[in-house]
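Residue strings, one per chain:
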Amino acid sequence: MDAQALGGVLVDVAIHDFDLARWLVGEIVEVSAMGVDLAGSASNDAAAAAHAVTILRFATGVIGTVESSRTVGYGFDGSVELVGTDATIRVGGQRHADDVEWLTPGRATTALVADHAEWHREAYVRELEHFARVIEGDLPPSVSGEDGAAAFVVASAASQSLREGRPVKLRTTETPV
């Protein structure tokens, strides 16, 4: 499937980060996105952009960034960093699940995760187990359709921002303004 059919890097890749950002920080009220194609040239074509950076403004006044790429040359990378006045928290990164780093004179190495299937293997299993329990009536869903729709609204607004070269304001869980 090509990038156009998948909705571009902001809808296909970054949507998961937008969802996580909403879960961590709260409602997103404005986005501003920039992208480049595989050659590194600026691109306002949301389907052609291979790499994008989106600045998020939250209802609380907090700002955040989401970096997304279709082509990370060294494997798969996924991380979150929250910077506050008293501390910084980093979660994830490109390290392998064993999280072993070799330090030798003049060099540091670590095993890298090959792709999203390896990175998310345990999460996919837990997600399927939870889904089965919801279907069996043992548990309520842990996420709502509204959460998925809200992430799509943010991704669509980011795509619009990239195309139009301007920030796009959102109304909570509605279409971009």
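For the structure, see preceding data.
Remember, it's a predicted structure, so these values are computed and weren't measured experimentally.

(A) Looking closely at the sheet that holds strand β3 (residues 63-69). As summarised here, the arrangement of the four strands in space is β3-β2-β1-β8, forming an open sheet in which the pairing is antiparallel. Looking at strand neighbours, the two that pair on one side only are β3 and β8 (168-169), the edges of this open sheet. Relative to β8, strand β1 (residues 28-36) runs antiparallel, the two being bridged by two bridges. From the neighbouring strand, Val31 faces β8, where its bridge partner is Val168. Across the sheet, helix α3 (residues 15-25) lies against β1, β2 (51-58) and β3, angled at about 25° from β2, the strand it touches most. Strands β1, β2 and β8 of the sheet are contacted by helix α6 (residues 145-164), whose axis makes an angle of about 50° with β1.

(B) Highlighting the nonpolar core. One finds Leu10, Phe18, Ile28, Val31, Leu56 and Leu162 to be the most contacted residues of the largest nonpolar core, which totals 25 residues. Those elements that place two or more of their residues in this core are α2 (8-12), α3, β1, β2 and α6. Considering every element that reaches this core, the biggest residue donor is α6, with seven residues. The contacts of Phe18, once residues within four sequence positions are left out, are Leu10, Ile28, Thr54, Leu56, Val66, Ala151, Val154, Ala155 and Ala158.

(C) Representation of the pairing of β2. Side-chain alternation along β2 places Ala52, Thr54, Leu56 and Phe58 on a buried face and His51, Val53, Ile55 and Arg57 on a face that remains uncovered. Here β1 runs beside β2; their pairing, made up of eight bridges, is antiparallel. Residue pairing in the sheet places Ser32 in a bridge with Ile55 of β2. Strand direction decides the pairing type here: β2 and β3, joined by seven bridges, are antiparallel. In the sheet register, Val53 faces β3, and the bridge partner there is Glu67.

(D) Quick peek at the packing of α3 against α6. Running from N to C, α3 and α6 point in directions that differ by 120°, and their axes come no closer than 9 Å. In terms of orientation, α3 and α6 fall into the oblique class. Here the hand of the crossing between α3 and α6 comes out right-handed. In this structure, α3 uses Ile15, Phe18, Asp19 and Arg22 to contact α6, whose residues at the interface are Asp147, Ala150, Ala151, Phe152, Val154, Ala155 and Ala158.

(E) Spatial organisation of the environment of Arg163. Turning to its location among the elements, Arg163 is positioned in helix α6. Residues Arg163 and Ala33, spaced 130 residues apart in sequence, show a C-alpha to C-alpha distance of 8.7 Å. Residues in contact with Arg163, not counting those within four places in the same chain, are Asn44 and Ala46.

What counts, and where the lines are drawn
- Residues numbered from 1 in each chain as written.
- Predicted model: local features only at pLDDT ≥ 70, side-chain atom pairs only at ≥ 80, totals over all residues.
- Heavy atoms only, no water.
- Pairing = 2+ DSSP bridges.
- Helix = DSSP H or I, 4+ residues; strand = E, 2+ residues; numbered from the N terminus.
- Contact = heavy atoms within 4.5 Å.
- Axes fitted to C-alpha atoms, helices over the stretch in contact; angles between N-to-C directions.
- Core = buried A, V, L, I, M, F, W, Y, C linked by side-chain atoms within 4.5 Å.
- Buried < 20%, exposed > 50% of the residue type's maximum accessible area, 1.4 Å probe, protein only.
- Parallel < 35°, antiparallel > 145°, perpendicular 65-115°, else oblique.
- Left-handed = near helix turned anticlockwise from the far one by under 90°.

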